[in-house]
Amino acid sequence: MENHIATVTEAVTESNTAISVGSGSLKVYATPAMLALIEKAACKAIENALNEGETSVGTLLNVKHLAATPVGMQVEATAELLERDGRKLTFAVKAYDECGLIGEGTHERFIVYSEKFTEKTYSKLNK
């Protein structure tokens, strides 16, 4: 299996704090923001391995948020593809701020056909 690994970064701002996204009452980097950054890293890690018409969807996040990060710092998330089982992809994921590790765990995604997936999803509106 090819080595698929990617890292993405973002700044901690007022808009991605726990109080702003509704996941808590503190002005610190929100867990949902960290999870979104982790998913972004996983998508980037496999973007060149997908065939025409394919994309991936997140199905499982098992991540510990280990430390708080204040507004003004940078956060970096890394995803490394560990295993591919048919259409199921399993990643090892980690997140860091400028002082060290703030999150780690695993993330699963499934490869889907974009058009078919979207059609099936939006058919719910016709029921």
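Look above for the structure.
Residues numbered from 1 in each chain as written. Predicted model: local features only at pLDDT ≥ 70, side-chain atom pairs only at ≥ 80, totals over all residues. Heavy atoms only, no water.

(A) Structural detail: the side chain of His-107. Within the secondary structure layout, His-107 lies in strand β5 (residues 100-113). Setting aside its immediate chain neighbours within four residues, His-107 contacts Glu-39, Ala-42, Gly-58, Leu-60, Leu-61, Leu-89, Thr-90, Phe-91 and Val-93. (Helix = DSSP H or I, 4+ residues; strand = E, 2+ residues; numbered from the N terminus. Contact = heavy atoms within 4.5 Å.)

(B) The arrangement of the nonpolar core in detail. With 25 residues, the main nonpolar core has Tyr-29, Met-34 and Phe-91 as its most contacted residues. Where this core is concerned, the elements lending two or more residues are β1 (5-11), α2 (31-46), β3 (74-85), β4 (88-97) and β5. By residue number, the principal contributor to this core is α2, which donates 8 residues. Excluding its chain neighbours within four sequence positions, the residues that come into contact with Tyr-29 are Glu-10, Val-12, Asn-16, Thr-17, Ala-18, Met-34, Leu-37, His-65, Thr-69, Val-75 and Ile-102. (Core = buried A, V, L, I, M, F, W, Y, C linked by side-chain atoms within 4.5 Å. Buried < 20%, exposed > 50% of the residue type's maximum accessible area, 1.4 Å probe, protein only.)

(C) Layout of the environment of Val-21. With respect to the helices and strands, Val-21 occurs in helix α1 (residues 18-21). Take Val-21: its relative accessible area is 42%, and that puts it in the partly exposed class. In the structure, Val-21 is positioned 11 residues away from Pro-32 in sequence and 7.9 Å away in space, judged by C-alpha atoms. In contact with Val-21, other than residues within four places in its own chain, are Ser-15, Asn-16, Ala-30 and Pro-32.

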